Amino acid sequence: MGLGGCIILIAAGAILTFATDWDMEGVNLDLVGIILMIVGLIGVTTFSSIARRRRVVVPPATPVVGDEPHHHRRDGYSDGYGV
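The structure displayed is predicted, hence computed values, not measured ones. (Residues numbered from 1 in each chain as written. Predicted model: local features only at pLDDT ≥ 70, side-chain atom pairs only at ≥ 80, totals over all residues. Heavy atoms only, no water.)

**A word on the overall build of the protein**
Thought 1: Looking only at helices and strands, one finds two helices and zero strands in the protein.
Thought 2: Burial statistics for the protein: of 83 residues in total, 12% are counted as buried.
Thought 3: Excluding contacts between residues fewer than 6 apart, the proportion of contacts in the protein whose partners are at least 24 apart in sequence is 52%.
Thought 4: Total accessible area computed for the protein in this model is approximately 7400 Å², and 64% of it derives from carbon and sulfur atoms. (Helix = DSSP H or I, 4+ residues; strand = E, 2+ residues; numbered from the N terminus. Buried < 20%, exposed > 50% of the residue type's maximum accessible area, 1.4 Å probe, protein only. Contact = heavy atoms within 4.5 Å. Areas by Shrake-Rupley, 256 points an atom, 1.4 Å probe, with all protein chains shown as cover.)

**Points about a nonpolar patch on the surface**
Thought 1: A contiguous nonpolar patch, built from Leu3, Ile7 and Phe47 and spanning about 250 Å² of accessible area, is present on the exposed surface.
Thought 2: Along the chain, Phe47 falls in helix H2 (residues 29–54).
Thought 3: Assessed through its relative accessible area of 34%, Phe47 is described here as partly exposed. (Patch = residues over 30% accessible without salt bridge, like charges linked within 9 Å, V, L, I, M, F, W, Y side chains within 5 Å. Salt bridge = Lys/Arg side-chain N within 4 Å of Asp/Glu carboxyl O.)

**Some details on helix H1 (residues 3–19)**
Since the α-helix advances by 3.6 residues per turn, residues separated by three or four positions end up pointing in the same direction.
Thought 1: Its 17 residues give H1 an end-to-end C-alpha distance of 23 Å, which sits within 8% of 24 Å, the value for a rise of 1.5 Å per residue.
Thought 2: Inspection of H1 places Cys6, Gly13, Leu16 and Thr17 among the buried residues, and these make up the whole buried set. Angular distribution of buried residues about the axis of H1 spans 95°; they occupy a single face of the element. Relative to its buried face, H1 has exposed residues pointing more than 90 degrees away, namely Ile8, Phe18 and Ala19. (Expected span 1.5 Å × (residues − 1). Arc of directions from axis to C-beta.)

Spelled out as structure tokens, the structure:
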């Protein structure tokens, strides 16, 4: 059951509890509505905790700074003199 189903359960429970005045033999519609709202709230909390756990935060990749290899020329001009 997704988040939409949980919200529908909460809405149906609220309608049964607060917006109806039906009387059925052997069924307490107020209690049924409260139970539906509680089940919907449990579903919303479960769904949100699972969704939070699924969302993986990946830290941004840091560039690797490596030492560049030094090229040593042995021609007499590598030290900067005589250029």
